[in-house]
Amino acid sequence: MARHDLDPATVTPDSRAPAKTRLFEGDGPHRGSVNGEVLGTKVTVLTYGNDEPGVGPKLHVHPYDEVFVIQEGRARFFVGDRVIDAEAGEVVLGPAGLPHKFINLGPGRLQTLDIHHSPRWIQADLE
C-alpha cells in the first residue's frame, strides 16, 4: 500500500546518527530491554514472553503511556478497571498513570513487544 502523508522535500534530517543495539539478552520472561537513551530516541522497547497460562508481569504503573504489541499467543490485560483480551496481531494501550498487568491466556506461548513512551524504563510495582 503506497502512502503519501507528506511531501518528502519538507523533511529535514536531524543530527542523530543511525544506531543499533541488542534487545534479546536472556532466556527468562523479560528477555531484554533497550532504553531509548541508548539509541537517542524517546521510546524504550521491552520484550516479554512465557509459555505458562495464568502467568505474567505483576501489577505496576508508569508515568507515561505503554503500548503492547501481541506478537504470539493470547493475553488478558488488566488496565485500570478494564479487562481486555488480545491476541497475536493486536495492540493494547496502557495509558500513563493507570496500573496494569497481563497474563498469558494460553494455550502456548505469549510473546509481546512493549513500547514505553519514555527514553528510560520507569516503573513502580504495586504487588
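From a predicted model like this one, the values you see are computed outputs, not experimental measurements.

A.B. asks: Teacher, can you tell me more about the overall build of the protein here?
C.D. replies: When its secondary structure is counted, the protein shows one helix and 10 strands. Scanning the protein from its N terminus toward the C terminus, one meets helices and strands in the order β-α-β-β-β-β-β-β-β-β-β. Each of the three principal axes of the protein carries a C-alpha extent, and together these read 50 × 35 × 30 Å. Relative to its full complement of 127 residues, the protein shows a buried share of 28%. Pairs at least 24 residues apart make up 66% of the contacts formed inside the protein by residues separated by at least 6 positions. Carbon and sulfur atoms make up 54% of the accessible area of the protein, which totals about 8,000 Å².

A.B. asks: Please clarify how the pairing of strand S6 (residues 82-87) should be interpreted in this entry.
C.D. replies: Each regular strand displays side chains that alternate between the two surfaces of the sheet. Judged from the six bridges that link them, strand S5 (residues 74-79) and S6 form a sheet pairing that is antiparallel. Across the sheet, residue Val79 finds its bridge partner in S6, namely Arg82.

The rules behind each value
- Residues numbered from 1 in each chain as written.
- Predicted model: local features only at pLDDT ≥ 70, side-chain atom pairs only at ≥ 80, totals over all residues.
- Heavy atoms only, no water.
- Helix = DSSP H or I, 4+ residues; strand = E, 2+ residues; numbered from the N terminus.
- Buried < 20%, exposed > 50% of the residue type's maximum accessible area, 1.4 Å probe, protein only.
- Contact = heavy atoms within 4.5 Å.
- Areas by Shrake-Rupley, 256 points an atom, 1.4 Å probe, with all protein chains shown as cover.
- Pairing = 2+ DSSP bridges.

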